[in-house]
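# Report on the structure
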Amino acid sequence: MKLRIGMIGSGGFSKMHAKLLAERDDVQIVAVCGTSKAKAEAFAMAWEIPSSYESFSEMLDGESLDAVYILVPPMSHGEYEMKLIERGIPFFVEKPLGVDIELPQQIRTAIQQKSLLTSVGYHFRYTDTVGTMKQWLCEQPLGMMTGQWMGSMPQVAWWRDQARSGGQFIEQSTHIVDIMRYCAGEIDEVYAMYSQQVMHKQFEGVTVPDVGTVTLKFKSGVIANISNTCVLPNGVGKVGITCYTQDGILEWDTERVTRIEAHQTTVRNKQVDPYRAENEAFIHALKTGDTGRILSDYEDAFKTQQVTVAAWESAKSGLPIRLS
Ligand SMILES: NC(=O)c1ccc[n+]([C@@H]2O[C@H](COP(=O)([O-])OP(=O)(O)OC[C@H]3O[C@@H](n4cnc5c(N)ncnc54)[C@H](O)[C@@H]3O)[C@@H](O)[C@H]2O)c1
């Protein structure tokens, strides 16, 4: 029997997940819900999904679902998660969990009360190179880290609107925060400076900062800095993390991880498709009840959200924020 999957959202990342799920013979996307019937129907036709809906409640009433993928922009969370929790239906949700911390906190509490199975799209955790960096960091005392997400501004309208996307640090650099937490433990202090330099002069309605830098203090005492910008032209960018340890330097980027020591350099290229691996982990958990392969669930992702939202609060107030 194939698992019956529902999908919410019909945008760029819905296509990515639909493609991966279509490759599998143990699941079927049986229904999709979009912001309009026409969009949902077009998506359903493209991916041979039997049913399409404009109303999420109608989808839940009309279908018997084993799990739902929530693939909507940051400002659109809330109703979906709460209805799924109410009905006890497990879900996969793309990062970030929202644009603030209050709504994710309510969802988190409701999930805890039901012990519901969840998975969050912090896909970099599933990359073998991140696993290698985590392993290497266990072998050598860490001093500090720097990280960056330097790129161009995504062209979807919601992204440039602070109220709808949460801004670059909550929407994109959240991945860097999450990898650092995964590899180096919890963060207890956040201090951020953001500014608008370029993009608000180029496009209408840009309310997100386009440059920023965030200093993080970990519970271990490790200090990190993550900088981001979205001023770059398309095709030019830099995403990665550098760790400075007692033994040398670890350099991670989306393609490889490199260990640089005084007399030796070791390079490991990425072998694993993390999107495929995160889907495999979630579906394995649905089939068996074994959640051990899920590397980011709602509870864990909430802690990353706390850090990125604290950075926004710090940038607004000009003060460091302590997390407790
Ligand atoms: N993990 C990753 O690497 C990664 C990469 C890209 C996107 N994402 C995340 O996936 C999410 C979706 O991004 P995308 O690139 O597909 O965006 P998109 O703008 O291409 O698509 C979003 C879709 O959601 C629909 N939508 C908006 N509000 C909705 C609502 N309330 N209910 C139902 N549908 C709604 C839109 O009509 C659109 O079809 C974002 O949170 C984004 O951060 C994650």
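Since the model is a prediction, treat every value here as computed from it, not as a measurement.

### Side note on the overall build of the protein
Counting its secondary structure elements, the protein contains 12 helices and 15 strands. Radius of gyration (C-alpha) of the protein: 20 Å, near the 20 Å computed for a compact globule of 324 residues. For the C-alpha atoms alone, the extent of the protein along its principal axes is close to 60 × 45 × 40 Å. When burial is assessed residue by residue, the protein has 51% of its 324 residues classed as buried. Residue pairs at least 24 apart in sequence account for 68% of intrachain contacts in the protein once pairs closer than 6 positions are excluded. Summed over all atoms, the accessible surface of the protein reaches about 14,400 Å², with 51% contributed by carbon and sulfur.

### Re a nonpolar patch on the surface
Side chains of M144, I223 and Y244 sit close together on the surface and give an oily, nonpolar patch of about 240 Å² of accessible area. Its location among the elements puts M144 in strand 7 (residues 142-150).

### Describing the sheet that holds strand 13 (residues 256-261)
Sheet strands pair by backbone hydrogen bonding; their relative direction is either parallel or antiparallel. Spatial strand order, 14-13-12-11-7-10-9-8-15: 9 strands in an open sheet with mixed pairing. What marks the edges here is a single partner per strand, and that holds for strand 14 (264-269) and strand 15 (321-322). The pairing of strand 8 (residues 187-195) with strand 9 (residues 211-218) spans 8 bridges and is antiparallel. Paired with S195 across the bridge in strand 9 is V211. Of the strands in this sheet, strand 7, strand 11 (238-245), strand 12 (249-253), strand 13 and strand 14 touch helix 6 (residues 128-138), which is tilted by about 30° from strand 13. Of the strands in this sheet, strand 8, strand 9 and strand 15 touch helix 12 (residues 298-317), which is tilted by about 50° from strand 8.

### Notes on the pairing of strand 12
Along any regular strand, the residues point their side chains to alternate faces of the sheet. Across the two faces of strand 12 the burial differs, with L250 and W252 buried and I249, E251 and D253 not buried at all. Note that strand 11 and strand 12 share 5 bridges and pair antiparallel. Bridging across to strand 12, T242 finds its partner in E251. Hairpin connection from strand 11 to strand 12: 3 residues lie between these consecutive antiparallel strands, with G248 at a positive phi of about 155°. Looking at chain direction, strand 12 and strand 13 are connected through 4 bridges and run antiparallel.

Basis of the calculations
- Residues numbered from 1 in each chain as written.
- Predicted model: local features only at pLDDT ≥ 70, side-chain atom pairs only at ≥ 80, totals over all residues.
- Heavy atoms only, no water.
- Helix = DSSP H or I, 4+ residues; strand = E, 2+ residues; numbered from the N terminus.
- Rg over C-alpha atoms; globule rule 2.2 N^0.38 Å.
- Buried < 20%, exposed > 50% of the residue type's maximum accessible area, 1.4 Å probe, protein only.
- Contact = heavy atoms within 4.5 Å.
- Areas by Shrake-Rupley, 256 points an atom, 1.4 Å probe, with all protein chains shown as cover.
- Patch = residues over 30% accessible without salt bridge, like charges linked within 9 Å, V, L, I, M, F, W, Y side chains within 5 Å.
- Salt bridge = Lys/Arg side-chain N within 4 Å of Asp/Glu carboxyl O.
- Pairing = 2+ DSSP bridges.
- Axes fitted to C-alpha atoms, helices over the stretch in contact; angles between N-to-C directions.

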